[in-house]
Amino acid sequence: MVHFTAEEKAAITGLWGKVNVEEAGGEALAGRKLLVIYPWTQRFFDSFGNLSSASAIMGNPKAKAHGKEVLTSSREAIKNLNNLKDAFAKLSELHCDKLHMDPENFRLLGDVIVIVLATHSGRECTPDMHAAWQKLLSGVATALAHKYH
Amino acid sequence: MLSAQERAHIAQVWDLIAGHEASFGAELLLRLFTVYPSTKVYFRHLGDQPDEVQLLSHGQRMLQAVGVAVQYMDNLHAVLSPLADLHAQVLRVDPTNFPLVIQCFQVVLASHLQGEYTVEMQAAWDKFLTGVAVVLTEKYR
């Protein structure tokens, strides 16, 4: 189980507060960036339509909508920093049994999310902030993979 | 294989780093050691708590090598061959560590360039640095 220090929790909530959640989080840019930077991840999203170029992907309405859906699901779960495995248990079962998604994608997406946060927060993304966020997203990825069988 | 557009993105971003290899390199190493403490095992020669002088010095060397790779991005095998030998015979850094360096590199670029760091630049640099890592580890066995 991942344990977050008081400093790490403060770094996570502090950065989350500073970054305009409606703008950066609401846009859920990371999912679409994942599809651009690692094109093989598109294999799960045949129904999205045109993903043929970076601009097509970034403008794709289904990709945008899906990103927001992932963000909404995660937001509730992230409120439970002390027990990520339980918080993401149902989502983990879904990704294994219904979506058949390779857990490696959770790690890749987590990394892209950190870069999006760094883009928005600039020099406020200090090494300690960066570390706290990587730890959180790594914990989420592990929790999402926990129920795989 | 890098497309013409990818090469342009890589060169464009490098222009912003050129001349500042030491400070970018030091920040890269500081993030690496803070976010992924296990990587410190490969830098014992910098001591338990590497100071700013050491980070700047070693960081500069690493970023200068990246600069050479940018200059010769169509011929990485030849130009990185001595470094590939070094990594295979002396350093023997486990290949799983290179993606960690690349992630920290991306965060350095993103936190400095912010809105100017487009997804196309990010993709090009990810592809380029992954290519560098492949060359650095290709003589491992």
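All values derive from a computational prediction rather than experimental measurement.

Caption draft 1: Here's a closer look at the overall build of chain A. Assigned secondary structure in chain A consists of nine helices and zero strands. The secondary structure elements of chain A, listed N-terminal to C-terminal, are α-α-α-α-α-α-α-α-α. In terms of C-alpha radius of gyration, chain A reaches 15 Å, essentially the compact-globule figure of 15 Å for 149 residues. Over its C-alpha atoms, taken along the principal directions, chain A stretches across nearly 45 × 40 × 20 Å.

Caption draft 2: Up close: the UniProt feature "domain: Globin" (unreviewed entry) in chain B. Here, UniProt's "domain: Globin" (unreviewed entry) annotation points to residues 1-141 of chain B. In residues 1-141 of chain B, helix accounts for 70% and strand for 0%; the two terminal C-alpha atoms are 23 Å from one another.

Caption draft 3: Seen up close, the packing of aromatic side chains. Under the counting rule described, the total for this entry stands at seven aromatic pairs over all chains. Plain terms: the ring middles of B:Trp125 and B:Phe128 are 5.3 Å apart, the flat faces sit at 90 degrees to each other, and that makes the pair edge-to-face. Of this pair, B:Trp125 and B:Phe128 both sit in helix 7 (residues 119-137), three residues apart, which is roughly one turn of the helix. Feature note: the residues A:Phe44, A:Phe45 and A:Phe48 constitute an aromatic cluster, connected by ring pairs. A cation sits over an aromatic face here: A:Arg43 above A:Phe44, 5.0 Å from the ring centre. It is A:Lys135 that lies over the ring of A:Phe4; its NZ or CZ is 5.5 Å from the centre.

Caption draft 4: Focus on the nonpolar core. Residues and elements named next belong to chain B. Core analysis: the biggest nonpolar cluster contains 87 residues, and Phe105, Trp125 and Phe128 have the highest contact counts within it. The greatest single-element share of this core, amounting to 11 residues, is contributed by helix 7. With residues near it in sequence (within four places) discarded, Phe105 still touches Ile17, Leu28, Leu63, Val66, Trp125 and Leu129.

Caption draft 5: Summary view of the pattern of salt bridges. Residue and element names in this part refer to chain B. Counted under the stated rule, the structure contains seven salt bridges over all chains. A salt bridge links Lys127 to Glu6, with the nearest nitrogen and oxygen atoms 3.0 Å apart. Placement of the pair is Lys127 in helix 7 and Glu6 in helix 1 (residues 4-17), with a sequence separation of 121 residues. On the basis of relative accessible area, Lys127 is assigned to the partly exposed category, the value being 37%. The class of Glu6 is buried, set by a relative accessible area of 19%. A salt bridge links Asp74 to Arg7; the shortest N-O distance between them is 2.9 Å.

Caption draft 6: The arrangement of the interface of chain A and chain B in detail. Opposite the 23 residues of chain A that make contact, chain B presents 20 residues. Between chain A and chain B, a total of about 1,800 Å² is buried, with carbon and sulfur atoms accounting for 62% of that surface. Taken together, the connections running from chain A to chain B amount to one salt bridge. Among the salt bridges present, the one from B:Glu27 reaches A:Arg123, with a minimum N-O distance of 2.8 Å. Among the elements that make up the side of chain A that touches chain B, the one with the highest residue count is helix 8 (residues 104-121) of chain A (eight residues). Among the residues forming the side of chain A that touches chain B, the class breakdown is 12 nonpolar, seven polar and four charged.

So, how was this worked out
- Residues numbered from 1 in each chain as written.
- Chains lettered and ligands numbered in written order.
- Predicted model: local features only at pLDDT ≥ 70, side-chain atom pairs only at ≥ 80, totals over all residues.
- Heavy atoms only, no water.
- Helix = DSSP H or I, 4+ residues; strand = E, 2+ residues; numbered from the N terminus.
- Rg over C-alpha atoms; globule rule 2.2 N^0.38 Å.
- UniProt positions renumbered as here; feature names shortened; annotations may be inferred.
- Phe/Tyr/Trp six-rings, centres within 6.5 Å; stacked < 30°, edge-to-face > 60°.
- Lys NZ or Arg CZ within 6 Å of the ring centre and 35° of its normal.
- Core = buried A, V, L, I, M, F, W, Y, C linked by side-chain atoms within 4.5 Å.
- Buried < 20%, exposed > 50% of the residue type's maximum accessible area, 1.4 Å probe, protein only.
- Contact = heavy atoms within 4.5 Å.
- Salt bridge = Lys/Arg side-chain N within 4 Å of Asp/Glu carboxyl O.
- Buried area = accessible area lost by both parts, 1.4 Å probe.
- Nonpolar A, V, L, I, M, F, W, Y, C, P; charged D, E, K, R; others polar.

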